[in-house]
Amino acid sequence: MLYQIYPRSFADANGDGIGDLNGIRERLDHLSWLGVDGLWLSPFFRSPMHDFGYDVSDYCDVDPLFGTLEDFDALLAAAHERGLRVVIDWVPAHTSKEHPWFREARASRSNPKRDWYVWRDPGPSGELPNNWTATFTNGPAWTLDESTGQLYLHSFLAEQPDLNWENPEVVRAQHEVLRFWLDRGVDGFRADVVHNIGKDPMLPDAPAERARIPHSVLNDVPSTHEHLRELRRLVDGYPGERLLVGEVFLLTSEQIASYYGKGDELHLAFNFPPLFAKWSAERWRECIATAESLFAEPHAWPSWVLSNHDQPRHRTRYGSEARARAAAVLLLGLRGTPFMYMGEELGLEDAVVPPERVVDPGGRDGCRAPFPWDASAGHGWGPEPWLPWPPDAAARNLESLRADPGSILQLYRSLLGLRHASPALRLGDLELCDAPTGVLLFRRVHGADERWVAINFTEERVSVALDPALAIQLDSGGGPPGRYRGRLEPDQALLLARG
Ligand code: TEU
Ligand code: CA
């Protein structure tokens, strides 16, 4: 289980209202107590913050808002002391407009770094090179650089020019970035929109029916796979286990699966279709069957994610705490590597952000609300944090939920403990089993260890016959372990074992 931290919103050590690296270090006990295996930190690098750190102006330094390199080293050491892995974000496909590489590139057409980015001449009447659209604005993915008279490509904001990975110097420079952090001791990288590093050299128009879809979601070319094989060799060349998990933001699981190569590209790729699946047994059954067929060993391994810093939280999407609790059993019962997003363990909903406080160009502020640590007015933060609190923070905060044995927080902790102790849950095969409409039932087996997960996605009580030798180990609804009574309550999930 990897736990995603969005540094701005986790914990603020110096009291400026913005989370920082020292804040994370001071709160590591929470993560050890919860039972996660490692952290993934969203970007904390130098950045003008047009995309809140996904616009990097120096890959090898910490933004002063978050601290210093020494603070990072201290965080890494403290995490490792507790046996927690640390995976950091790496944004290979674009830099900030303020990165020295781009400043040089735009200085003149003949600058040696010109070709580190993607430039084209406008047509005679200012026509654009193609119909690609940028994420967030849905405007053109091209912006004119007035002083040199050429257009540069940006799959995201105009402040985020795309790098040209066709240029071997760019590849070398990005490899150096990875070495810098691997040498410092990080356990791996979450590679941001990594499918977007390669580009079709012809830069062809997107098909007319897809012209309005941001091009970053369509870009899927062979050259990227060559780059990934090199990156995999680089990462695997380091001692210990280092992880390369890629954000492959493409439309289908089939496309995503191809980024594992033959076991020689990404170790893991986020499988996003389930993140967009609605609360439905039938839909989830399909997602699991697809993952079982596509992310098969030895070359691949599934990953599961319900929430992150880009999408409305699943507690908000699914619409109730009962469902969020059942979803926790689902997430931690599946075969593969689960990811959870900070605050998921509190059952946080998205904050309601009034228009005057919206700051993200993609409108993703709601899921980035600060983490409430305690019941006090400041919830463990000094002054007002950079975004409003999630709903109900007076009751829904770490301190209050720790004191409540029936809370969703305690449910997550129990589940993580059970998963750690069970080879079937961590490593076992998964078998989808027949179940009544609206119910998802699967079995996990590893050697003599066997677990069952049963989830009722409906609003009705449903009778489900199970092997009488099975007993409840954990009930998402908070009921006691022990005898299974032949039925599931609405939105209830059970973890069962031979008892
Ligand atoms: O996200 C990639 C991406 O495609 C999403 O931005 C998605 O299109 C959007 O969130 C839909 O709401 C990654 C990062 O996770 C995101 O935070 C960055 O903004 C983006 O890349 C650019 O680096
Ligand atoms: Ca701070």
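Whatever comes next refers back to the structure up there.
These numbers come from a predicted model, not from an experiment.

### Looking at helix H8 (residues 281-294)
Its 14 residues give H8 an end-to-end C-alpha distance of 20 Å, which sits within 8% of 20 Å, the value for a rise of 1.5 Å per residue. Three or more residues of H8 are buried, namely Ala281, Trp284, Cys287, Ile288, Ala291 and Leu294. Residues of H8 that are buried make contact with helix H7 (253-257), strand E12 (303-305), helix H9 (314-318), helix H10 (321-333), strand E14 (429-433) and strand E15 (439-446). With a side-chain oxygen lying 3.3 Å from the backbone nitrogen of glutamate 282, the N-terminal cap of H8 falls on serine 280.

### Let's talk about the sheet that holds strand E9 (residues 188-191)
If you walk across this open sheet you meet the eight strands as E11-E10-E9-E5-E2-E1-E13-E12, and the pairing is parallel. The open sheet has two free edges, formed respectively by strand E11 (268-269) and E12, since each of these has just one partner strand. Pairing geometry for strand E10 (residues 243-246) and E11, over two bridges, is parallel. Among the inter-strand pairings, valine 245 is bridged to a residue of E11, identified as leucine 268.

### What to know about the coordination of the calcium ion (ligand 2)
In this structure, Asp12 (OD), Asn14 (OD1), Asp16 (OD), Ile18 (O) and Asp20 (OD) serve as the protein donors to the calcium ion (ligand 2), at separations of 2.2 to 2.3 Å. Each donor residue of the calcium ion (ligand 2) lies on the same chain, and together they follow the pattern D-x1-N-x1-D-x1-I-x1-D. On the accessibility criterion, aspartate 12 (9% relative accessible area) is buried. Looking at aspartate 20, the relative accessible area reads 3%, which means it is buried.

### Describing the side chain of glutamine 410
As for its placement among the helices and strands, glutamine 410 is situated in helix H12 (residues 408-421). In this structure the side chain of glutamine 410 is engaged in a polar contact, spanning 2.8 Å, whose partner is the backbone oxygen of arginine 402. The contacts of glutamine 410, once residues within four sequence positions are left out, are Trp33, Leu401, Arg402, Asp404 and Pro405.

### What to know about the pattern of salt bridges
Under the defined criterion, the tally for this structure stands at 36 salt bridges. Residues arginine 283 and glutamate 286 are paired through a salt bridge, measuring 2.8 Å at the closest nitrogen-oxygen approach. On the criterion of helical spacing, the pair formed by arginine 283 and glutamate 286 is a turn pair, its members being three residues apart in helix H8. In this structure, arginine 368 and aspartate 310 form a salt bridge, with 3.2 Å as the shortest nitrogen-oxygen distance. With arginine 368 in the loop between strand E13 (337-341) and helix H11 (398-402) and aspartate 310 in the loop between E12 and H9, the pair connects residues that are 58 residues apart, well separated along the chain. With respect to burial, arginine 368 and aspartate 310 carry one shared label: buried. In this structure, a network of salt bridges that share partners links the residues Asp51, Asp310, Asp360, Arg364 and Arg368.

### Points about the side chain of arginine 8
Structurally, arginine 8 is set in the loop between strand E1 (2-5) and helix H1 (21-26). Buried and without a salt bridge, arginine 8 has aspartate 63 as its closest oppositely charged side chain, separated by 7.2 Å. Not counting residues within four places of it along the chain, the set of residues in contact with arginine 8 comprises Ile18, Gly19, Met49, Phe52, Leu65, Phe66, Trp381 and Trp386.

### Side note on the packing of aromatic side chains
Evaluated as defined, the whole model comprises 31 aromatic pairs. Ring geometry for phenylalanine 52 versus tryptophan 386: centroids 5.3 Å apart, planes at 40 degrees, classification tilted. Placement of phenylalanine 52 in the loop between strand E3 (45-46) and strand E4 (58-62) and of tryptophan 386 in the loop between E13 and H11 is noted, with a sequence separation of 334 residues between them. In this structure phenylalanine 52 comes out as buried when scored by relative accessible area, which is 9%. Centroid distance phenylalanine 371 to tryptophan 373: 4.3 Å. Interplanar angle 40 degrees. Geometry classified as tilted.

About the thresholds
Residues numbered from 1 in each chain as written. Chains lettered and ligands numbered in written order. Predicted model: local features only at pLDDT ≥ 70, side-chain atom pairs only at ≥ 80, totals over all residues. Heavy atoms only, no water. Helix = DSSP H or I, 4+ residues; strand = E, 2+ residues; numbered from the N terminus. Expected span 1.5 Å × (residues − 1). Buried < 20%, exposed > 50% of the residue type's maximum accessible area, 1.4 Å probe, protein only. Contact = heavy atoms within 4.5 Å. Polar contact = N/O pair within 3.5 Å; in protein donor to acceptor, adjacent residues only side chain to side chain. Pairing = 2+ DSSP bridges. Donors = N, O, S within 2.8 Å, 3.2 Å for Na, K, Ca; no water. Salt bridge = Lys/Arg side-chain N within 4 Å of Asp/Glu carboxyl O. Lys, Arg positive; Asp, Glu negative; His and termini not counted. Phe/Tyr/Trp six-rings, centres within 6.5 Å; stacked < 30°, edge-to-face > 60°.

Keep in mind these numbers describe shape, not what the thing actually does.
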